[in-house]
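Residue-level listing of the chains:
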Amino acid sequence: MRFASGPVDELSSRELDVLRLLRSELGGPEIARELMVSLNTMRTHTKNIYAKLGVTSRREAVRRAEPDAHLRVVGQPVEHEVAVGRQRIEAGRGARGTE
């Protein structure tokens with residue numbers, strides 16, 4: 001689902017996932033684990049985000065994207081998004097019966 005046109009609208013759904021977690025206090029390795037991707041994949045997504053938003057840092061990317069309301073759950077802090085992500089990961093692992 002896409003909303004008002006803006007720089008964030010150019011991001012893929014996975015890049016949006018990374019950008020949401022860049023708002024948290026998680027470091028790169030923790031973000032990669034949350035998304036179940038390699039650190040290199042997470043870094044590639046981050047580089048693509050920076051290029052598409054025309055920024056050079058995590059802080060700039062978060063600030064540039066902040067006006068785009070679809071990056072956050074209204075009334076919920078970033079920590080809530082991380083917790084929900086962890087719950088989904090755990091639910092997925094349980095459904096597969098692995099790990």
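Procedures and definitions
- Residues numbered from 1 in each chain as written.
- Predicted model: local features only at pLDDT ≥ 70, side-chain atom pairs only at ≥ 80, totals over all residues.
- Heavy atoms only, no water.
- Helix = DSSP H or I, 4+ residues; strand = E, 2+ residues; numbered from the N terminus.
- Buried < 20%, exposed > 50% of the residue type's maximum accessible area, 1.4 Å probe, protein only.
- Contact = heavy atoms within 4.5 Å.
- Areas by Shrake-Rupley, 256 points an atom, 1.4 Å probe, with all protein chains shown as cover.
- Polar contact = N/O pair within 3.5 Å; in protein donor to acceptor, adjacent residues only side chain to side chain.
- pLDDT = per-residue confidence, 0-100.
- Core = buried A, V, L, I, M, F, W, Y, C linked by side-chain atoms within 4.5 Å.
- Arc of directions from axis to C-beta.
- Expected span 1.5 Å × (residues − 1).

1. With respect to the overall build of the protein chain
Working step 1: Along the backbone of the protein chain there are 5 helices and 0 strands.
Working step 2: Counting helices and strands in the order they occur from the N terminus, the protein chain gives α-α-α-α-α.
Working step 3: Per-residue burial for the protein chain yields a buried fraction of 33% across its 99 residues.
Working step 4: Taking the contacts inside the protein chain whose residues are at least 6 apart along the sequence as the reference set, 60% of them involve residues at least 24 apart.
Working step 5: Per element, the accessible surface of the protein chain, about 6200 Å² overall, is 52% carbon and sulfur.

2. Re the side chain of glutamate 15
Working step 1: Considering the arrangement of structural elements, one finds glutamate 15 in helix α1 (residues 13-22).
Working step 2: Engagement of the side chain of glutamate 15 in a polar contact is seen with the backbone nitrogen of serine 12, the distance being 2.9 Å.
Working step 3: Those residues in contact with glutamate 15, other than ones at most four positions away along the chain, are Glu10, His45, Asn48, Ile49 and Lys52.

3. Quick look at the confidence of the model for the protein chain
Working step 1: Put simply, the protein chain has an average pLDDT of 77, and 61% of its residues get 70 or more.
Working step 2: Long-range and interchain partners of residues 1-5, a stretch whose pLDDT sits below 50, account for 9 contacts in this model, where long-range means more than four residues apart.

4. Comments concerning the nonpolar core
Working step 1: Counting 19 residues, the largest nonpolar core has Leu19, Leu22, Ile31, Ile49, Leu53 and Ala61 as the members making the most contacts within it.
Working step 2: Of all elements in the fold, only α1, α2 (28-35), α3 (39-53) and α4 (58-65) reach the threshold of two or more residues within this core.
Working step 3: The biggest single contributor to this core is α1, with 5 residues.
Working step 4: Beyond its immediate sequence surroundings of up to four residues, leucine 22 is in contact with Ile31, Thr46, Ile49, Arg58 and Val62.

5. So, α4
Working step 1: Buried within α4 are the following residues: Ala61, Val62 and Ala65. Looking down the long axis of α4, one finds its buried residues gathered within 95° of arc, a one-sided arrangement. When the buried face of α4 is taken as reference, the exposed residues oriented beyond 90 degrees from it are Arg59 and Arg63.

6. Observations regarding unusual backbone geometry
Working step 1: We note that methionine 36 has phi near 55°; this positive angle belongs to a residue other than glycine.
Working step 2: Structurally, methionine 36 is set in the loop between α2 and α3.

7. Re α3
Working step 1: Here α3 is 15 residues long and its end C-alpha atoms lie 21 Å apart, about the 21 Å a rise of 1.5 Å per residue gives.
Working step 2: Those residues of α3 that fall on the buried side of the exposure criterion are Met42, His45, Thr46, Ile49, Tyr50 and Leu53. Here the buried residues of α3 occupy an arc of 140° about the axis, which is enough to place them on one side. Exposed and facing more than 90 degrees away from the buried side of α3 are Asn40, Lys47 and Ala51.
Working step 3: Contact partners of the buried residues in α3: α1, α2 and α4.
Working step 4: Glycine 54 sits one or two residues past α3 and shows a positive phi near 70°.

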